[in-house]
Amino acid sequence: MKIALIGAGKTGAKVSELHRDTTIFNSANQATIEGLKTCDIIISFLPGDIFVDYIPMLIEAKIPVITGSTGFEWKDEWIKEINDKKLVWVRAHNFSLGMNIVKNMIETLSKARDLYPDAQFSIHDIHHTMKVDSPSGTALSWEKWLGTNAEITAERTGDVVGYHHLLMESPVEKIKITHEAIDRAIFAKGALWAAEKAFKNMVPSGLNDFSTIVNNHLKI
Ligand SMILES: NC(=O)c1ccc[n+]([C@@H]2O[C@H](COP(=O)([O-])OP(=O)(O)OC[C@H]3O[C@@H](n4cnc5c(N)ncnc54)[C@H](OP(=O)(O)O)[C@@H]3O)[C@@H](O)[C@H]2O)c1
């Protein structure tokens, strides 16, 4: 499987470390349609604003795209074109396989809310000092998956890749869910897992969310 990697920074570089047959396109070696077409799958860890400029070229290249780029709104017209042209695209805000398993755990907790009318929920995120958003997008997603208000707190320290903790506390018991990303390779591994699925024609055409692909795999 030949990967075309666009965006080989802190996260994308892990893709090329884990997968030898990777062609890197960066500011010095800009991607072209011809260059992309020599590969089987495109993986993007470009910053979102730059990824947006690449979308027309990626659509024209017609090969599967796995994208982790964040920080922009997906336009309906792009989604329509991807779906109409039956292209295979997978997107995720968080390519950690474990985070997608945690999502199912939180959704189970959400379904049990009526069993715990007195419960209080809190979410805490810890990230490196360079992270722009606070609380993290993931912390906000956890609250959304939970389906009820939670007290959200955030901490920015050192080079922490990503730590999220959910506490459900009732007068008689506590449930704690923690997810800790140790290395940015976690995201590259998830993107490569999705790339492998797309390469084996196991991903439906259109724009897919990574969580759907994971849940299909887990038969959830
Ligand atoms: N979905 C997930 O699981 C996940 C996980 C982590 C990060 N992300 C997202 O991935 C993106 C990148 O994050 P990061 O922390 O890896 O950022 P980063 O370290 O700043 O890397 C960005 C890379 O993009 C490259 N780039 C910039 N302009 C380019 C261009 N015109 N053509 C080709 N390459 C270009 C830069 O290369 P040059 O130095 O050559 O310009 C740089 O290597 C962000 O949107 C982030 O939120 C997603």
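What counts and how
- Residues numbered from 1 in each chain as written.
- Predicted model: local features only at pLDDT ≥ 70, side-chain atom pairs only at ≥ 80, totals over all residues.
- Near = placed C-beta within 6 Å.
- Nonpolar A, V, L, I, M, F, W, Y, C, P; charged D, E, K, R; others polar.
- Axes fitted to C-alpha atoms, helices over the stretch in contact; angles between N-to-C directions.
- Helix = DSSP H or I, 4+ residues; strand = E, 2+ residues; numbered from the N terminus.
- Parallel < 35°, antiparallel > 145°, perpendicular 65-115°, else oblique.
- Contact = placed C-beta atoms within 7 Å.
- Buried ≥ 20, exposed ≤ 12 C-beta atoms within 10 Å, placed from the backbone.
- Domains from an automatic or database assignment.
- Pairing = 2+ DSSP bridges.
- Arc of directions from axis to C-beta.
- Core = buried A, V, L, I, M, F, W, Y, C linked by C-beta atoms within 7 Å.

The full set close to the ligand counts 26 residues, and Gly9, Thr11, Ser27, Gly68 and Phe95 are the nearest of them. Here the residues of the shell around the ligand sort into 11 nonpolar, 14 polar and one charged.

In this section: the packing of helix α5 (residues 97-111) against helix α6 (residues 137-146). Taken N-terminus to C-terminus, the directions of α5 and α6 make an angle of 40°; their axes are 8 Å apart at the nearest point. Taken as axis vectors, α5 and α6 run oblique relative to one another. Residue-level inspection shows Lys103, Ile106, Glu107, Leu109 and Ser110 of α5 in contact with α6, the latter providing Trp142, Trp145 and Leu146. When its residues are assigned to classes, the contact of α5 with α6 shows five nonpolar, one polar and two charged.

As a further point, take the environment of Lys2. Counting through the fold element by element, Lys2 comes out in the segment before β1 (3-6). Classification of Lys2 by C-beta neighbours within 10 Å gives partly exposed; the count is 13. C-alpha separation for the pair Lys2 and Leu36, spaced 34 residues apart in sequence, amounts to 10.0 Å. Beyond its immediate chain neighbours, meaning those up to four positions away, Lys2 contacts Asp21, Thr38, Cys39 and Asp40.

This paragraph deals with the domain arrangement of the protein. The domains assigned to the protein are domain 1 (3-95 + 185-218) and domain 2 (97-181). Placing a centre on the C-alpha atoms of domain 1 and another on those of domain 2 gives a separation of 27 Å. At the interface, eight residues of domain 1 touch seven residues of domain 2. Among the secondary structure elements, those contributing two or more residues to the side of domain 1 that touches domain 2 are α7 (185-199) and α8 (210-218). The class makeup of the residues in the side of domain 1 that touches domain 2 is four nonpolar, four polar and no charged.

Here four strands make up an open sheet; going across it, the order is β7-β6-β8-β9 and the pairing mixed. Looking along the sheet, the strands with just one partner apiece sit at the ends: β7 (151-156) and β9 (174-181). The sheet shows a mean angle of 10° between the axes of neighbouring strands, direction not considered. One ladder, built from six bridges, connects strand β6 (residues 120-127) with β7; its direction is parallel. Residue pairing across strands places Ile123 opposite Ile152, the latter belonging to β7. Packing of α6 onto the sheet brings it into contact with β6, β7 and β8 (162-169), and relative to β6 it is tilted by some 160°.

We now examine α6. The periodicity of an α-helix, 3.6 residues per turn, causes residues three or four positions apart to be oriented the same way. Buried residues of α6: Thr138, Ala139 and Trp142, and no others. The buried residues of α6 all sit within an arc of 105° when viewed along its axis, so they share a single face. Buried residues belonging to α6 abut α5, β6, β7 and β8. At the exit of α6 stands Gly147, carrying a positive phi of roughly 75°.

This part covers the nonpolar core. Ranked by size, the top nonpolar core spans 40 residues in total, and within it Ala4, Ile42, Ile43, Ile66, Val90, Ala191 and Ala195 carry the most contacts. Those elements that provide at least two residues to this core are β1, β3 (41-44), α3 (48-61), β4 (65-67), β5 (88-91), α7 and α8. Of all the elements, α7 adds the most residues to this core, at eight residues. Look past the residues within four positions of Ala191 in its chain and what remains in contact with it is Val15, Ile43, Ile66, Gly68 and Phe95. Membership of the second largest hydrophobic core comes to 10 residues, among which are Met99, Trp142, Leu166 and Met168.

Here we take up the sheet that holds β4. The parallel open sheet is built from six strands, whose spatial order is β2-β1-β3-β4-β5-β10. Edge strands, defined here as strands with exactly one partner in the open sheet, are β2 (22-25) and β10 (206-209). Neighbouring strand axes in the sheet, compared pairwise and without regard to direction, differ in orientation by 20° on average. Lying on the sheet, α8 is in contact with β5 and β10; it crosses β10 at an angle near 70°.

What follows covers the environment of Asn208. Relative to the helices and strands, Asn208 is located in strand β10. It is 34 Å that separates the C-alpha atoms of Asn208 and Thr157, two residues lying 51 residues apart in sequence. Among all residues touching Asn208, those that are not within four sequence positions of it are Trp89, Val90, Val203 and Ile213.

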